[in-house]
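These are the residues of each chain, in order.
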Amino acid sequence: MKVISTIKELRAELSKERQEGKTIGLIPTMGYFHQGHLELMRRAREECAVVVVSLYVNPTQFAPSEDFESYPRDFERDKRLAENVGVDYLFCPSNAEMYLPNHLTYVEVEKITNKLCGASRPHHFKGVTTVVAKLFNIVKPDKAYFGQKDAQQVVVIRKMVEDLNFDLEIVVVPTAREEDGLAMSSRNTYLSAVEREEALVLSKSLQHAKELIDSGERIAQKIKEEMQKLIKSKPHVNLEYISICDHKTLEELSRIEGETLIALAAKAGKVRLIDNIVIRD
Ligand code: AMP
């Protein structure tokens with residue numbers, strides 16, 4: 001595995017690979033790898049001749065009040081894990097490499113970025129789409145891999161790809177979970193023992209929603225209320241939102257119909273957590 005920190009060097013390496021007719025897979029990440037990241041890498045390894053992982057904690061997707069500075073980082077461990085999965089290139093640029101001092105251009109997907117997580121993180125997706133568009137232009141992948149864990153991110157990136165004619169395929173990989181059901185996240189490392197235990201209510205509430213739907217419930221409000229009741233019983237967990245929405249447009253639904261996304265965000269102590277399931281009615 002080659003570790004590369006400049007755009008110029010990565011482009012030179014990938015242009016050789018491309019000339020040999022090899023397909024290139026990209027996995028954008030912010031590092032501190034867990035099984036969720038590794039699943040994306042494994043999937044890319046199966047499907048592509050060349051696997052590029054970017055490891056970059058992108059400052060433009062964090063608000064000043066958020067956890068950019070304290071976001072977990074462990075480069076040596078990440079390097080070992082990526083190498084073990086068979087990644088070919090680990091791209092870890094500096095901030096100076098990614099954003100020139102006179103950077104002025106941003107990519108913004110409208111409307112669908114104001115809902116769900118966008119309601120409390122108004123600049124977040126603008127940072128995500130900008131950095132992902134830059135990575136697409138730097139790597140020019142045939143396929144790019146994203147986790148279903150960040151369901152809104154997938155919807156937003158698909159829209160950007162469609163609207164800006166990026167010539168690549170988006171592959172979505174299912175959410176990797178701890179044995180007890182908690183969605184894996186780099187931020188889980190910051191949960192205290194009691195927060196970790198109570199955070200389990202998030203995946204449990206989604207499972208409960210699925211059970212209600214399986215037993216015939218179709219009214220979104222009723223499902224939300226049942227979920228809220230469960231989550232409110234955990235004093236360390238503060239619910240931010242539950243959305244029951246169309247999985248493509250993110251429009252809120254009053255009735256469960258077709259493919260429905262049930263997504264939520266909450267804080268366990270200071271740690272912001274998200275989770276979701278897709279219901280195929
Ligand atoms: P991050 O490093 O958190 O920005 O995540 C990098 C990629 O890994 C994104 O596409 C995430 O959706 C994906 N990812 C993060 N956690 C999980 C998980 N538990 N299961 C599947 N994919 C995940």
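For the protein chain, the name recorded in an unreviewed UniProt entry is Pantothenate synthetase, with Candidatus Hakubella thermalkaliphila as its organism. If you open the UniProt record of the protein chain and go to Function (unreviewed entry), you find "Catalyzes the condensation of pantoate with beta-alanine in an ATP-dependent reaction via a pantoyl-adenylate intermediate." Its UniProt record gives the protein chain a comment under Pathway (unreviewed entry), which states: "Cofactor biosynthesis; (R)-pantothenate biosynthesis; (R)-pantothenate from (R)-pantoate and beta-alanine: step 1/1."

Considerations on the overall build of the protein chain
Counting secondary structure elements, the protein chain contains nine helices and nine strands. Taken over the C-alpha trace, the protein chain has a radius of gyration of 19 Å; the compact-globule value for 281 residues is 19 Å, and the two agree within 12%. Oriented by its inertia axes, the alpha-carbon framework of the protein chain measures out at about 55 × 40 × 40 Å. When the 281 residues of the protein chain are sorted by exposure, 51% land in the buried category. Taking contacts inside the protein chain between residues at least 6 apart in sequence as the whole, the part at least 24 apart equals 72%.

Description of the site of the ligand
Near the ligand there are 18 residues, and of these Met30, His37, Asp150, Ala176 and Met184 occur at the shortest range. Met30 places a main-chain nitrogen or oxygen 2.9 Å from an oxygen atom of the ligand. Gly147 places a main-chain nitrogen or oxygen 3.0 Å from an oxygen atom of the ligand. The set of elements that each furnish at least two residues to the shell around the ligand consists of strand S2 (24-29), helix H2 (35-47) and strand S5 (143-147).

A closer look at helix H3 (residues 75-85)
Note: α-helices contain 3.6 residues per turn, so residues at a spacing of three or four share the same orientation. Within the sequence span of H3, burial applies to Asp78, Ala82 and Val85. Taken end-on, H3 shows its buried residues confined to a sector of 60 degrees, consistent with a single buried face. Away from the buried face of H3 by more than 90 degrees, exposed residues Arg80 and Asn84 are located. Along its buried surface, H3 packs onto H2 and strand S3 (50-55). Gly86 sits one or two positions beyond H3 and adopts a positive phi of about 95 degrees.

Observations regarding the domain arrangement of the protein chain
Taken domain by domain, the protein chain comprises domain 1 (2-173) and domain 2 (186-280). Of note, the centres of domain 1 and domain 2, computed from C-alpha atoms alone, are 26 Å apart. In this assembly, 21 residues from domain 1 lie in contact with 19 residues from domain 2. Where domain 1 touches domain 2, the interface holds eight residue pairs in polar contact (both at pLDDT 80 or more). Sorting the residues of the side of domain 1 that touches domain 2 by element identifies helix H5 (117-120) and helix H7 (151-163) as the ones contributing at least two each. Per element, the largest residue contribution to the side of domain 1 that touches domain 2 is three residues, and it comes from H7.

So, the UniProt feature "binding site: (R)-pantoate" (unreviewed entry) in the protein chain
According to UniProt, the positions carrying the feature "binding site: (R)-pantoate" (unreviewed entry) are Gln61 and Gln153. Look at the named residues: they lie 93 residues apart in sequence, but the longest C-alpha span between them is just 11.8 Å, so in the fold they bunch up. Summarising the element assignment, Gln61 is placed in the loop between S3 and H3. Beyond its immediate stretch of four places on either side in the chain, Gln61 contacts Met30, Glu66, Arg121, His124, Gly127, Val128 and Val131.

Description of the sheet that holds strand S8 (residues 259-268)
One open sheet holds the three strands; their spatial order is S7-S8-S9, and the pairing between them is antiparallel. Every other strand in the sheet has two partners, leaving strand S7 (237-246) and strand S9 (271-280) as the edge strands with one partner each. Sheet twist, expressed as the average angle between the axes of neighbouring strands with direction ignored, equals 15 degrees. Pairing of S7 with S8, which is carried by nine bridges, proceeds in the antiparallel orientation. Its bridge partner being in S8, Cys245 is matched across the sheet by Leu261.

Thresholds applied
Residues numbered from 1 in each chain as written. Predicted model: local features only at pLDDT ≥ 70, side-chain atom pairs only at ≥ 80, totals over all residues. Heavy atoms only, no water. UniProt positions renumbered as here; feature names shortened; annotations may be inferred. Helix = DSSP H or I, 4+ residues; strand = E, 2+ residues; numbered from the N terminus. Rg over C-alpha atoms; globule rule 2.2 N^0.38 Å. Buried < 20%, exposed > 50% of the residue type's maximum accessible area, 1.4 Å probe, protein only. Contact = heavy atoms within 4.5 Å. Near = heavy atom within 4 Å. Polar contact = N/O pair within 3.5 Å; in protein donor to acceptor, adjacent residues only side chain to side chain. Arc of directions from axis to C-beta. Domains from an automatic or database assignment. Pairing = 2+ DSSP bridges. Axes fitted to C-alpha atoms, helices over the stretch in contact; angles between N-to-C directions.

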